[in-house]
Amino acid sequence: MTGEIRKWLRFRNNGATGFGTLTSSGISVHEGEMFGRHAATGRTLALSEVELLAPCAPNKIVALWNNFHALAAKLNQPEPPEPLYLLKATTSIAAPGAVIRRPSYYDGKTTYEGELGIVIGKTCARVSPGEADSLIFGYTCVNDITANDILTSDPTFPQWARAKGIDDYGPFGPVIATGLDPAKLVVRTILNGAERQNYPISDMIFSAQELVSRISHDMTLLPGDLIAVGTSVGVGVMKEPENTVTVAIDGIGELTNEFRL
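Residues numbered from 1 in each chain as written. Predicted model: local features only at pLDDT ≥ 70, side-chain atom pairs only at ≥ 80, totals over all residues. Heavy atoms only, no water.

K.L.:
Is there a simple way to explain the overall build of the chain in this structure?
P.N.:
Broken down by element type, the chain carries five helices and 20 strands. The C-alpha atoms of the chain give 18 Å as radius of gyration, which agrees with the globular expectation for 261 residues (18 Å, within 12%). The principal-axis extent of the C-alpha atoms belonging to the chain is close to 55 × 45 × 30 Å. The buried share of the chain, taken over its 261 residues, is 51%. Sequence-distant contacts in the chain: of pairs separated by 6 or more residues, those separated by 24 or more amount to 72%. Carbon and sulfur atoms make up 49% of the accessible area of the chain, which amounts to about 11800 Å² in all. Charged side chains in the chain number 22 positive and 28 negative. The centres of these two groups are separated by 2 Å. (Helix = DSSP H or I, 4+ residues; strand = E, 2+ residues; numbered from the N terminus. Rg over C-alpha atoms; globule rule 2.2 N^0.38 Å. Buried < 20%, exposed > 50% of the residue type's maximum accessible area, 1.4 Å probe, protein only. Contact = heavy atoms within 4.5 Å. Areas by Shrake-Rupley, 256 points an atom, 1.4 Å probe, with all protein chains shown as cover. Lys, Arg positive; Asp, Glu negative; His and termini not counted. Charge placed at Lys NZ, Arg CZ, Asp CG, Glu CD.)

Here it is in structure tokens:
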């Protein structure tokens, strides 16, 4: 649902976790619940005073595969008749700015995947696409990091959950933006200063509203749940000892993390 754009975030300050909205003067601190009743306290914190956290704590992370026309065409794969998705471990969540390290036991390829994330605002089960906008809280930036060699190491069983569920392989944020039309958004991914992805969300096979509807017919979606809508062309391997990856979506912001081999 479009309207006034507000940017919600979570933070840690003096050992306490809080939330609020991003303003020109800093963070307008709120009390209550982000997905329930809340109100501004009148207190403002500077960004320099806080540690940014992932902007919500999902009960589950749903990650889409093959949800863009351009990528399906490039891979010469048929477009799916229904959403193809996996569940990504919530322990894979990493905060904006966090340093992410490849596991010591794994020396294979790891890729970045810049994506749009849908954040659910209200419990929804078996809803229609027309109802979805009223149940979506907002949108965020996601880097759906993948250990590619794990994914395909066993020819009898594609290891989607393991390859994408490694600790810290699911950074998202820095904010959840409300009031946006997702179909007008463009995702850009910058690796070590070079733009590698630049694609429109309007190219999705299943729209944000269709995804919420169809997934909600399989499983109940809860406030704070995150749906990573899938990525498009331009996915690549992070090869340097230290890699800076930024997922940028105008209207939301920039999610930047460092990935170390």
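So much for the structure itself; the text now carries on.
K.L.:
Whenever I open this one, unusual backbone geometry confuses me. Can you help?
P.N.:
Only a minority of non-glycine residues have a phi that is not negative, and only a minority of peptide bonds are not trans. For the bond running from Gly 173 to Pro 174, omega is 0°, close enough to zero to count as cis. By the element assignment, Pro 174 lies in strand β14 (residues 170-178). Even without being a glycine, Asn 66 presents a positive backbone phi close to 55°. A positive phi angle, close to 55°, is found at Asn 76, a residue other than glycine. For Asn 76, the position within the fold is in the loop between α1 (69-74) and β7 (84-88). For Asn 76, a relative accessible area of 71% puts it in the exposed group.

K.L.:
Just to check I follow, could you spell out the packing of aromatic side chains for this structure?
P.N.:
How two aromatic rings sit relative to each other is set out by the distance from centre to centre and by the angle between their planes. Tallied over the entire structure, the rule returns six aromatic pairs. Between Phe 35 and Phe 137 the ring centres are 4.9 Å apart and the planes differ by 80°, which places this aromatic pair in the edge-to-face class. With Phe 35 in the loop between β3 (26-32) and β4 (38-45) and Phe 137 in strand β12 (residues 136-143), this residue pair connects regions lying 102 residues apart in the sequence. Assessed through its relative accessible area of 26%, Phe 35 is described here as partly exposed. Feature note: the residues Trp 8, Phe 19, Phe 35 and Phe 137 constitute an aromatic cluster, connected by ring pairs. (Phe/Tyr/Trp six-rings, centres within 6.5 Å; stacked < 30°, edge-to-face > 60°.)

K.L.:
Help me out: how do you make sense of the side chain of Asn 67 in this one?
P.N.:
Mapped onto the secondary structure, Asn 67 falls in the loop between β6 (61-65) and α1. At a separation of 3.0 Å, a polar atom in the side chain of Asn 67 contacts the main-chain carbonyl oxygen of Val 229. Excluding its chain neighbours within four sequence positions, the residues that come into contact with Asn 67 are Asp 203, Met 204, Ile 205, Phe 206, Leu 211 and Val 229. (Polar contact = N/O pair within 3.5 Å; in protein donor to acceptor, adjacent residues only side chain to side chain.)

K.L.:
Could you clarify how one ought to interpret the nonpolar core in this entry?
P.N.:
Within the largest apolar cluster, 41 residues are counted, with the highest numbers of intra-cluster contacts made by Leu 116, Ile 118, Ile 201, Val 212, Ile 227 and Ile 252. Taken together, the elements giving at least two residues each to this core come down to β1 (6-13), β3, β6, β11 (114-120), β12, β14, α5 (208-216) and β19 (242-249). Counting residues per element, this core draws most heavily on α5, at four residues. (Core = buried A, V, L, I, M, F, W, Y, C linked by side-chain atoms within 4.5 Å.)

K.L.:
What is the right way to read the pattern of salt bridges from this model?
P.N.:
Side chains that differ in charge, positive against negative, can pair when their charged atoms come close. Counting across every chain of the model gives seven salt bridges. For Glu 195, the salt bridge is made with Arg 188, and the minimal N-O distance between the two is 3.4 Å. Residue Arg 188 is classed as partly exposed on the basis of its relative accessible area of 24%. Among the charged side chains, a salt-bridge network with shared partners connects Lys 88, Glu 113, Asp 144 and Lys 164. (Salt bridge = Lys/Arg side-chain N within 4 Å of Asp/Glu carboxyl O.)

K.L.:
What is the right way to read the sheet that holds strand β20 (residues 253-260) from this model?
P.N.:
Sheets are built from strands paired through backbone hydrogen bonds, the pairs being either parallel or antiparallel. Spatial strand order, β9-β20-β19-β15-β16: five strands in an open sheet with mixed pairing. Since the sheet does not close on itself, it has two edges, and those belong to β9 (99-101) and β16 (194-200), each with one partner. For this sheet, the mean inter-axis angle between neighbouring strands, taken without regard to orientation, is 20°. Bridging between strand β15 (residues 186-191) and β16 involves six bridges; their strand directions are antiparallel. Bridge pairing links Val 187 to Tyr 199 in β16. (Pairing = 2+ DSSP bridges. Axes fitted to C-alpha atoms, helices over the stretch in contact; angles between N-to-C directions.)

K.L.:
Mind showing me how you'd approach α5 here?
P.N.:
It helps to recall that an α-helix has 3.6 residues per turn; residues three or four apart then point in one direction. The element α5 is largely enclosed, with a buried count of seven among its nine residues. Against β6, β7, β11, α2 (129-132), β12 and β17 (226-228) lie the buried residues of α5.

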